[in-house]
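Geometric and topological summary
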Amino acid sequence: MLKSIDHLILAVDDLSISKIFYSDLFGFPPIWEGVHKGLGTKNAIFSFENMYLELLTKNGDGVGATFVDNHIKLNGEGLAGIALEVIDINKASLDFAEKGIEVGEYINGEGLSSSKKIRTWKSLYLAKELTRGIFTILIEHTSEKILYKHTEDSSHIKRLDHVVINSNDPDGAIKLYRDIYGIRLALDQFMKDWGGRMLFFRINKTTIELVGKPDSKNNKDKLWGFAWSVDNIEQTYNRLIKSGIEVSEVRSGRKANTLVCSIESKASPVPTLLIQHF
């Protein structure tokens, strides 16, 4: 049913400030800046090899503005949603119906860039009762997708390695991500050191990492953090230090044959890890 993680939505209060921080972090500026007139939002998009990150803020009135405003009031700035790409949104709707899940009609979307370019898409907004509380969109692009601009600079961030979701019900998450969405479950491991389960769902060479630990007080899942893949973590570390971003020392990762470091700047609203695979 699903093709890839299309993009992650990061709700921000001041787009201009967040745009500068993430440009410094990634090593390049956003590839798109624009508005959603009907939603009351504006955005800046950073494109990578396997997906894009959308910084979203309110811009007037509309359901989008209300969504961003509510998220920031309840949770502060941070990851607010995930969009999953489908090839054919009508077929995706039928696939859900065959599983006894009604998702309603798709909505046509349009974005207008600051240079007057137009992007169009079709989207289905999934009920939070289905998605375990995470704002989730299915999206089919009906105009050319935003393309990743290859960079030869090995200090730049190239792709999303994984996005982290906290959950109190790993079995419920398996039912959603594997059985309903059809995403491959690559790992289901109990972690003795902290008494919970770690699940890896793999799609388009990208991981949805779900950290599962029983919690009777919280029956919803939550987008928590992300990890970005780099070609040369030492060069990335040096570039970030020069740009004024606080970052931990480079260390060996939990996974064999990896090096990692963590972004520690207060300007980062999302727990962020950088990782180099060997």
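Here goes a summary of the coordinates provided. This structure is a prediction, so every number in the text was calculated from the model and none was measured.

Criteria and thresholds
- Residues numbered from 1 in each chain as written.
- Predicted model: local features only at pLDDT ≥ 70, side-chain atom pairs only at ≥ 80, totals over all residues.
- Heavy atoms only, no water.
- Buried < 20%, exposed > 50% of the residue type's maximum accessible area, 1.4 Å probe, protein only.
- Helix = DSSP H or I, 4+ residues; strand = E, 2+ residues; numbered from the N terminus.
- Contact = heavy atoms within 4.5 Å.
- Polar contact = N/O pair within 3.5 Å; in protein donor to acceptor, adjacent residues only side chain to side chain.
- Core = buried A, V, L, I, M, F, W, Y, C linked by side-chain atoms within 4.5 Å.

**Focus: helix H5 (residues 170-180)**
Listed as buried for H5 are Pro 170, Gly 172, Ala 173, Ile 174, Leu 176, Tyr 177 and Ile 180. Buried-residue contacts for H5 involve helix H3 (89-98), helix H4 (128-131), strand E9 (157-167), strand E10 (184-191), strand E11 (196-203) and strand E12 (206-212).

**Quick notes on the environment of Tyr 52**
Note that Tyr 52 resides in strand E4 (residues 52-58). For Tyr 52, a relative accessible area of 4% gives the class buried. In the structure, Tyr 52 is positioned 95 residues away from Leu 147 in sequence and 9.1 Å away in space, judged by C-alpha atoms. If we skip the residues at most four places from it in the chain, Tyr 52 touches Asp 6, His 7, Leu 8, Ile 45, Phe 46, Ser 47, Arg 119 and His 141. For Tyr 52, the side chain forms a polar contact with the side chain of Arg 119, separated by 3.2 Å.

**Focus: the nonpolar core**
For soluble globular proteins, the rule of thumb is that nonpolar side chains tend to be buried together. Tyr 22, Phe 26, Leu 53, Tyr 177, Tyr 181, Phe 226 and Trp 228 are the most contacted members of the largest nonpolar core, which totals 60 residues. Residues within four places of Phe 226 in sequence aside, it is in contact with Leu 8, Leu 10, Tyr 22, Leu 53, Leu 79, Leu 160, His 162, Val 163, Val 270, Pro 271, Thr 272 and Leu 273. Listed in part, the 11 residues of the second largest apolar core include Ala 11, Phe 67, Ile 137 and Ile 139.

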